[in-house]
Amino acid sequence: MKRNITRSFAMIVACLFLAQAITTRGQQMADPDFDTKVARPAYTKKHPKVLFDEAHRNFHTTDGRYKPFASLITNDGYQITPNKEKFQKSLLKGYDILVIANAGGSDANLGAAAKESAFTDEECDAVRDWVRAGGSLLLIADHSPYGSAAENLGKRFGVDMSKGYTADPENYDKDSNNRGFIIYTRESGRLADHPITRGRDASERINRIIAFTGQSLKGSADSIAFMKLADTAIDRFPKPGGEREKPDVSAAGRAQGIAMKVGRGRVVLLGEAAMLSAQVIKQPDRPDFRMGMNVTGIDNRQFALNTMHWLSHLL
């Protein structure tokens, strides 16, 4: 059984590196058929201002693989501005929410330079101070190398990033047969009760989410882990050639979704990015593969809206 799990995880990692290569050829893209309409927009008069980071070699942008997310929250009443500059006090002033999705190091590929910090110490301090003063941050840092690239910013909020790849041989999506596609359900208790999972009413209640691999996180004592990993979850640290950087470790007690209040502000950290996207991967001689909010039978779409509602103090 252990040999089968190891082989399956090796295949997961191979597919992830392959997906990165496919992306460079333009085959992994935002799903053009994803419905971004919002029947009951949260904001119709005032419109919270969202700064969406695109200045740090971000894998996800408003006109790229995160276009469905950007369109969805725009239709919900948010006003989005793509960011092209380094973070500083004067830049952040006037915005309600900062979104950072998979910022990269000095190299956008999966080499060692991609693991360098995406942000200077001065930028990390500026974001921390802005949050303390009342800003809200959605920081999304996926599996390697994105955990390493965002590590310094995460530490400003007391969050430890595993910087590897997380999988669970027990609580995974059986339809895809991918042990990296981790399922969180309210019934299991791993999708914890929180305003984000509760929503404004029963129609917005979150019962089932899939995270598409990613990394694990550990928050500070005053944070709330609302996407809790099971004791069977593991973190692995592979290289593209199949070697290991270090031995596997248990991810028990860690999470892939954390929320916290910091001063007058709010922070949500996610250890996986695809769950708030709606992507389609074109594969020759195979059916299109969908990943994110466009997967049927999950609540990721409402989860995206609820997360923004909490960050904008609607919840």
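Let me sum up the structure you'll find in this document. (Residues numbered from 1 in each chain as written. Predicted model: local features only at pLDDT ≥ 70, side-chain atom pairs only at ≥ 80, totals over all residues. Heavy atoms only, no water.)

### A word on the overall build of the chain
Alright, step 1. The secondary structure content of the chain amounts to seven helices and 18 strands.
Alright, step 2. For the chain, the residues scored as buried account for 56% of the 315 residues in total.
Alright, step 3. Accessible surface, the chain: about 13,600 Å² in total, of which carbon and sulfur atoms supply 49%. (Helix = DSSP H or I, 4+ residues; strand = E, 2+ residues; numbered from the N terminus. Buried < 20%, exposed > 50% of the residue type's maximum accessible area, 1.4 Å probe, protein only. Areas by Shrake-Rupley, 256 points an atom, 1.4 Å probe, with all protein chains shown as cover.)

### Some details on helix H7 (residues 300–311)
Alright, step 1. Between its terminal C-alpha atoms H7 stretches 17 Å, which fits the 16 Å expected from twelve residues at 1.5 Å a residue.
Alright, step 2. For H7, a buried count of eleven out of twelve residues is recorded, marking the element as mostly surrounded by other parts of the structure.
Alright, step 3. Asn300, Gln302, Phe303, Ala304, Leu305, Asn306, Thr307, Met308, His309, Trp310 and Leu311 are the residues of H7 that are buried. (Expected span 1.5 Å × (residues − 1).)

### Some words on helix H4 (residues 121–132)
Alright, step 1. End to end, H4 covers 17 Å across twelve residues, agreeing with the expected 16 Å (1.5 Å per residue, within 8%).
Alright, step 2. Taken as a whole, H4 has its buried residues at Glu123, Cys124, Ala126, Val127, Arg128, Trp130 and Val131.
Alright, step 3. Looking at the buried residues of H4, the elements they touch are helix H3 (89–92), strand E4 (97–101), strand E5 (136–140), helix H5 (146–155), strand E15 (255–262) and strand E16 (265–270).
Alright, step 4. In the stretch just after H4, Gly134 is the one whose phi turns positive, near 130 degrees. (Contact = heavy atoms within 4.5 Å.)

### As for the pattern of salt bridges
Alright, step 1. Considering all chains together, one arrives at 18 salt bridges under this definition.
Alright, step 2. One salt bridge connects Asp125 with Arg128, and the closest N-O pair in it is separated by 3.5 Å. One end of the pair, Asp125, and the other, Arg128, are both in helix H4, three residues apart, so they sit about a helical turn from each other. (Salt bridge = Lys/Arg side-chain N within 4 Å of Asp/Glu carboxyl O.)

### Quick look at unusual backbone geometry
Alright, step 1. For the bond from Ser144 to Pro145, the omega torsion is 10 degrees, close enough to zero to count as cis.
Alright, step 2. Looking at the secondary structure, you find Pro145 in the loop between E5 and H5.
Alright, step 3. Located in the positive-phi region is Asn177, a residue other than glycine, with phi close to 60 degrees.
Alright, step 4. In this structure, Asn177 sits in the loop between strand E8 (172–173) and strand E9 (178–185).
Alright, step 5. A relative accessible area of 53% places Asn177 in the exposed class.

### Examining the environment of Pro145
Alright, step 1. With relative accessibility at 3%, the residue Pro145 sits in the buried group.
Alright, step 2. Here the alpha-carbon distance between Pro145 and Gly105, two residues 40 residues apart in the chain, equals 8.1 Å.

Taken by themselves, the reported measurements are silent on function.
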